[in-house]
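Letter by letter, the chains look like this.
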Amino acid sequence: MDDPSVEWDKNRYDDITSRLLPFLKQNGFKQNDIKFMPASGLTGANLKVPLDPKVCDWYSGIPFLSYLDELPSFKDKNPDKPFRLSIIEKYKDMGTIVLGKVISGECTKNQTLTIMPNKTTVQVTEILIDDMESDVAESGDNVKLKITEH
């Protein structure tokens, strides 16, 4: 939007959004889920700090990062659901380590789990979240689990 040929022009913004909206709807997005906001990739205007009205007098909304912070969380914090881990990688380093993202439920140290589809029973001996040791892994966490066959 800060390009010299555009200079935060409302007509150019409306032109861009009117061309993008049909494309996004055609690719499965719902209009209610789409939010347009002017920003500058070059200077970072309206990414973290709200736009100065002297620069863009027609937009008074919040900046992009604030908008992202206000979005609802997709984490399902219900620990009563079954523990599900999407395993991304497995390797051996003084034991078996699996890496993945917790989809639902929670897992604790020394808990016994069943790995599907081959129904292997394992015990969690160590939980690492961002390479920091933890006692619990919850829904939404990216984890490394050190496991031993039980």
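Residues numbered from 1 in each chain as written. Predicted model: local features only at pLDDT ≥ 70, side-chain atom pairs only at ≥ 80, totals over all residues. Heavy atoms only, no water.

(A) Fine view of a nonpolar patch on the surface. Together, Leu47, Phe64, Leu65, Leu68 and Leu71 make up an exposed nonpolar region whose accessible area comes to about 380 Å². With respect to the helices and strands, Phe64 occurs in helix H2 (residues 64-70). (Patch = residues over 30% accessible without salt bridge, like charges linked within 9 Å, V, L, I, M, F, W, Y side chains within 5 Å. Areas by Shrake-Rupley, 256 points an atom, 1.4 Å probe, with all protein chains shown as cover. Salt bridge = Lys/Arg side-chain N within 4 Å of Asp/Glu carboxyl O. Helix = DSSP H or I, 4+ residues; strand = E, 2+ residues; numbered from the N terminus.)

(B) Structural context of the pairing of strand S2 (residues 96-104). Pairing analysis gives eight bridges linking strand S1 (residues 84-92) to S2, with the strands arranged antiparallel. Note that in S2 the partner of Lys90 across the bridge is Val98. What sits between S1 and S2 in their antiparallel hairpin is a turn of three residues, with Met94 showing a positive phi close to 55°. Pairing between S2 and strand S8 (residues 142-149): six bridges, direction antiparallel. When the bridges of S8 are listed, Leu99 appears paired with Lys144. (Pairing = 2+ DSSP bridges.)

(C) A look at the pattern of salt bridges. Here the structure, examined in full by the defined rule, presents six salt bridges. Here Arg19 and Asp15 are joined by a salt bridge, their closest N and O atoms 3.1 Å apart. Remark: Asp15 and Arg19 occur in helix H1 (residues 10-26); sequence separation between them is four residues, near one turn of the helix. Judged by relative accessible area, which is 25%, Asp15 ranks as partly exposed. (Buried < 20%, exposed > 50% of the residue type's maximum accessible area, 1.4 Å probe, protein only.)

(D) Inspection of the environment of Arg12 at higher detail. Along the chain, Arg12 falls in helix H1. With relative accessibility at 37%, the residue Arg12 sits in the partly exposed group. For the pair Arg12 and Ser60, spaced 48 residues apart in the sequence, the C-alpha separation amounts to 17 Å. Reaching out from Arg12, the side chain makes a polar contact with the side chain of Asp15 at a distance of 2.9 Å. (Polar contact = N/O pair within 3.5 Å; in protein donor to acceptor, adjacent residues only side chain to side chain.)

(E) Region of the structure containing the environment of Val102. Its place among the elements puts Val102 in strand S2. Residues Val102 and Ala137, spaced 35 residues apart in sequence, show a C-alpha to C-alpha distance of 7.3 Å. Once you skip the residues sitting within four places of it in the chain, Val102 turns out to touch Phe83, Arg84, Leu85, Ala137, Glu138, Ser139, Gly140, Asp141 and Val143. (Contact = heavy atoms within 4.5 Å.)

(F) View of the pairing of strand S4 (residues 112-115). Pairing of S4 with strand S5 (residues 120-129), which is carried by four bridges, proceeds in the antiparallel orientation. By the bridge assignment for S5, Leu113 is matched with Val122. Once S4 ends, the chain turns through four residues before running back antiparallel as S5, passing Lys119 with a positive phi of about 60°.

(G) Here's a closer look at the side chain of Ser104. Relative to the assigned elements, Ser104 resides in strand S2. A polar contact is formed between the side chain of Ser104 and the backbone oxygen of Pro82, at a distance of 2.7 Å. Once you skip the residues sitting within four places of it in the chain, Ser104 turns out to touch Lys81, Pro82, Phe83, Arg84 and Ser139.

(H) Quick look at the nonpolar core. Core analysis: the largest hydrophobic core is formed by 13 residues, its most contacted members being Cys107, Val124, Ile127 and Leu145. At the level of elements, S2, S5 and S8 are the ones that each hand at least two residues to this core. Counting residues per element, this core draws most heavily on S5, at four residues. Apart from the residues within four sequence positions on either side, Ile127 is in contact with Cys107, Thr108, Lys109, Met132, Glu133, Ser134, Asp135, Val136, Ala137, Lys144 and Leu145. One finds Met1, Val6, Met37 and Tyr59 within the second-largest nonpolar core, a separate group that totals eight residues. (Core = buried A, V, L, I, M, F, W, Y, C linked by side-chain atoms within 4.5 Å.)

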